[in-house]
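Now for the letters of each chain:
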Amino acid sequence: EPEVTQTPSHQVTQMGQEVILRCVPISNHLYFYWYRQILGQKVEFLVSFYNNEISEKSEIFDDQFSVERPDGSNFTLKIRSTKLEDSAMYFCASKYEGYSNQPQHFGDGTRLSIL
Amino acid sequence: ILNVEQSPQSLHVQEGDSTNFTCSFPSSNFYALHWYRWETAKSPEALFVMTLNGDEKKKGRISATLNTKEGYSYLYIKGSQPEDSATYLCAFPAYGQNFVFGPGTRLSVLP
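Everything numeric here is computed off the predicted structure, so don't read it as measured data.

The rules we used
Residues numbered from 1 in each chain as written. Chains lettered and ligands numbered in written order. Predicted model: local features only at pLDDT ≥ 70, side-chain atom pairs only at ≥ 80, totals over all residues. Heavy atoms only, no water. Helix = DSSP H or I, 4+ residues; strand = E, 2+ residues; numbered from the N terminus. Rg over C-alpha atoms; globule rule 2.2 N^0.38 Å. Buried < 20%, exposed > 50% of the residue type's maximum accessible area, 1.4 Å probe, protein only. Pairing = 2+ DSSP bridges. Axes fitted to C-alpha atoms, helices over the stretch in contact; angles between N-to-C directions. Core = buried A, V, L, I, M, F, W, Y, C linked by side-chain atoms within 4.5 Å.

### Notes on the overall build of chain A
For step 1, the next point in the chain: Looking only at helices and strands, chain A has zero helices and eleven strands in total.
For step 2, the next point in the chain: For chain A, the α and β elements follow one another from N to C terminus as β-β-β-β-β-β-β-β-β-β-β.
For step 3, the next point in the chain: In terms of overall dimensions, chain A is globule-like: its C-alpha atoms have a radius of gyration of 13 Å, near the 13 Å expected for 115 residues.
For step 4, the next point in the chain: Burial status across chain A gives 45% buried among its 115 residues.

Rendered as structure tokens:
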């Protein structure tokens, strides 16, 4: 069964450094998402992406964050200048159709640790 | 701000016990309610999509019901097995398509 894959599984970065988290969504999917979970808290929505542009973003997704689908297969999340509070598990998800009754398919996540 | 809650936060049951837990969500502007099973170090796995009031869905020993008027869904596990140990998340599609997640119910099934 097709899967969403994320790399790396764990990223350790110094505060203030840029980090890029990578995702390969399921190949025929059209809608892409990033979520994160800070330890002990709920999974939170960051951004959704469709037709090569951001369709929605949360308050968390400020100017330090950006997303890109550079080559038709990868979907990346960049944090420009990381802060300690960016430490979290980051999940990528994708789905084929935009309907609310379609499940999103998640990757295994990238654990980001900011020192 | 949409709020999705789940109870209990965690649950320990003996192998063979049946159990259930709850997801509560806003009853207005309902589109769907999703249940996911999430094992440690793995990706959340879609279990059910509930769309109609009174819906009941079943997959093996796991089933779910939906009450959109009062804003809750129950997940039932019959005859729990150690492999059922996981966090069970419910997710409510917000005004667009993104999910608002509940905090999850962490289930531990003791052999």
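This is not the end of the story, as more comes after the structure.
### Let's talk about the sheet that holds strand S6 (residues 56-59) of chain B
Residues and elements named next belong to chain B.
For step 1, the next point in the chain: The strand order S1-S3-S8-S7-S6 describes an open sheet built from five strands, whose pairing is antiparallel. Of all strands in the sheet, those with a lone pairing partner are strand S1 (5-7) and S6, marking the two edges. Looking at each pair of strands side by side, their axes are set apart by 15 degrees on average, direction ignored.
For step 2, the next point in the chain: Of the strand pairs in this sheet, strand S7 (residues 62-67) and strand S8 (residues 72-77) are connected by six bridges, and their pairing is antiparallel. If you follow Ala64 over to S8, its bridge partner there is Leu75.

### Notes on the nonpolar core
For step 1, the next point in the chain: B:Leu33, B:Trp35, B:Leu75 and B:Tyr88 are the most contacted members of the largest nonpolar core, which has 26 residues in total.
For step 2, the next point in the chain: The set of elements that each furnish at least two residues to this core consists of strand S2 (10-14), strand S3 (19-24), strand S4 (33-38), strand S5 (45-50), S7, S8, strand S9 (86-93) and strand S11 (105-110) of chain B.
For step 3, the next point in the chain: A per-element tally of this core places S9(B) first, with four residues.
For step 4, the next point in the chain: The next biggest cluster of nonpolar side chains, apart from the first, holds 23 residues, and it includes A:Val19, A:Phe32, A:Tyr90 and A:Cys92.

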